[in-house]
Amino acid sequence: MKTAARDTATRHTAVLDTAVLKTELRLFRREPGALFWMLVFPTLLLAILGSIPSFREADPSFGGLRPVDAYVPVAVLLGLTVGGLQGMPQVLTGYRERGILRRMSATPVRPAALLSAQMVVCGGAALLSALLALAVGRLAFDVTLPEQPLGYLLALLLAVLAALSLGALLSALSRTTKTAGAIGSAALFPAMFCAGVWLPVQAMPDLLAEIVGLTPFGAAAQALNEAAAGDWPDWSHLAILVAWTALLTSLASRRFRWE
C-alpha cells in the first residue's frame, strides 16, 4: 500500500511539474523581448559582422582565421549570457515580488518546480540560439562546423550550466525586479567582454587571455574555440566551468528565498 501510494504521489508530482514547465514555456513565447535578445540578437550580430568584407578575410591576429570564424563561438555564448543574466533573474524575482512563490507553497505545486522550469526554458533557448548561430555561420559565411563535436557539446552544456547558476545567484540576491535588472546589466557587460564580444579571446594579449580564462565565460570561449579547431577542450577550461557552476549553485541555494 505504501509503495502504491508513493508511486501515485510521484506520478502526480511529475504531472504538476510538467504542467508548470508547459506554462513557463507558453509565457516565454509571449515575451517578444526575451525571444529577440536570447534567440535573434546573437545571430543578428553575427550576420551584421559577417557582412563586413574585412571580417571575411584571414587575419593573422586571429591565428590565421577570419574574424567571422572567431565570432561564431562568441555568438553562441551571447545567447546563454543574456538568458542567464537578464532573463531568468527578472522572471523569478518578479514571481517572488508579486507573492506568486509564496502562494505556490500552499498548493501541491512545488516552488522548486518553477525554478527547474525556468532553468529548462532558458537553457533550451540558449541551446537553440547556439544552433541558430552555428547554422547561419555555416550557410551564410561558410564557417566550418566544430571539428570536435562531442567536445564542443560538452563545453556548451557546461557553459549553459554556469550561466544558469549565475542567474540563480542573481535571483537570490535581488529583492525586486528593478534590482535584478540593475545587477544583471552590471554583470552582463563584463561577461560579454570575457566571452569575446568586443575582442575575441584569440586576439587578446596573452596575459589578458589568461585572466579572462579564469572566468566562466572566458573559459567557455576558449573551450569552444579549441573544440571548433578539432582539439578536445583543455581540461583546465572545463574544470573552471565545473568549479564556477558548483560555487555559484552553492551560493544561490544558501541565499535563495521563496518569499
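This is a predicted model, so every value here is computed, not measured. (Residues numbered from 1 in each chain as written. Predicted model: local features only at pLDDT ≥ 70, side-chain atom pairs only at ≥ 80, totals over all residues. Heavy atoms only, no water.)

(A) Focus on the overall build of the protein. Within the protein, the regular secondary structure consists of 10 helices and 0 strands. Starting at the N terminus, the α and β elements of the protein follow one another as α-α-α-α-α-α-α-α-α-α. Computed over C-alpha atoms, the radius of gyration of the protein comes to 20 Å, within 12% of the 18 Å expected from 2.2 N^0.38 for 259 residues, which places it in the range of a compact globule. Oriented by its inertia axes, the alpha-carbon framework of the protein measures out at about 65 × 40 × 35 Å. The 259 residues of the protein split such that 46% are buried. Restricting the contact set of the protein to residue pairs at least 6 apart, pairs at least 24 apart contribute 74%. Put simply, the protein shows about 12,900 Å² of open surface, and 67% of that area lies on carbon and sulfur atoms. Placing the 20 positive and 16 negative side-chain charges of the protein at their respective mean positions leaves the two points 20 Å apart. (Helix = DSSP H or I, 4+ residues; strand = E, 2+ residues; numbered from the N terminus. Rg over C-alpha atoms; globule rule 2.2 N^0.38 Å. Buried < 20%, exposed > 50% of the residue type's maximum accessible area, 1.4 Å probe, protein only. Contact = heavy atoms within 4.5 Å. Areas by Shrake-Rupley, 256 points an atom, 1.4 Å probe, with all protein chains shown as cover. Lys, Arg positive; Asp, Glu negative; His and termini not counted. Charge placed at Lys NZ, Arg CZ, Asp CG, Glu CD.)

(B) Region of interest: the nonpolar core. Formed by 64 residues in total, the largest nonpolar core has its most connected members in Val 76, Leu 77, Leu 80, Phe 217 and Leu 224. At the level of elements, α2 (32-50), α3 (67-97), α5 (111-141), α6 (149-173), α7 (177-195), α8 (206-212), α9 (216-228) and α10 (235-255) are the ones that each hand at least two residues to this core. (Core = buried A, V, L, I, M, F, W, Y, C linked by side-chain atoms within 4.5 Å.)

(C) Local environment of a positive patch on the surface. On the surface, Lys 22, Arg 26, Arg 29 and Arg 30 cluster together into a positively charged patch. Checked against the element boundaries, Arg 26 lands in helix α1 (residues 2-29). (Patch = residues over 30% accessible without salt bridge, like charges linked within 9 Å, V, L, I, M, F, W, Y side chains within 5 Å. Salt bridge = Lys/Arg side-chain N within 4 Å of Asp/Glu carboxyl O.)

(D) Layout of the side chain of Thr 93. Secondary-structure assignment places Thr 93 in helix α3. Owing to a relative accessible area of 0%, Thr 93 belongs among the buried residues under this scheme. A polar side-chain atom of Thr 93 sits 2.6 Å from the main-chain carbonyl oxygen of Pro 89. (Polar contact = N/O pair within 3.5 Å; in protein donor to acceptor, adjacent residues only side chain to side chain.)

(E) Spotlight on the packing of α7 against α9. One can describe the packing of α7 onto α9 by two numbers: an axis separation of 7 Å at closest approach and a directional angle of 25 degrees. The pairing of α7 with α9 is recorded here as roughly parallel in orientation. Regarding α7 and α9, the two cross each other, and that crossing is right-handed. Between α7 and α9, the contacting residues are Ala 191, Cys 194 and Ala 195 on the first element and Phe 217, Gly 218 and Ala 221 on the second. Class assignment of the residues belonging to the contact of α7 with α9 gives a composition of 5 nonpolar, 1 polar and no charged. (Axes fitted to C-alpha atoms, helices over the stretch in contact; angles between N-to-C directions. Parallel < 35°, antiparallel > 145°, perpendicular 65-115°, else oblique. Left-handed = near helix turned anticlockwise from the far one by under 90°. Nonpolar A, V, L, I, M, F, W, Y, C, P; charged D, E, K, R; others polar.)

(F) Region of the structure containing the side chain of Ser 129. Structurally, the position occupied by Ser 129 is in helix α5. Overall, Ser 129 belongs to the buried group, its relative accessible area being 0%.

(G) Inspection of the environment of Ala 187 at higher detail. Positionally, Ala 187 belongs in helix α7. Along the primary structure Ala 187 and Ala 163 are separated by 24 residues, whereas in three dimensions their C-alpha atoms are 11 Å apart.

(H) Expanded view of the packing of α3 against α9. Where α3 meets α9, the axes come as close as 10 Å, and the angle between the chain directions of the two elements is 145 degrees. Seen along the crossing, α3 lies across α9 with a hand that is right-handed. Contact residues: Pro 73, Val 76, Leu 77, Leu 80 and Thr 81 in α3; Phe 217, Ala 220, Ala 221, Leu 224 and Asn 225 in α9. Tallied by class, residues from the contact of α3 with α9 come to 8 nonpolar, 2 polar and no charged.

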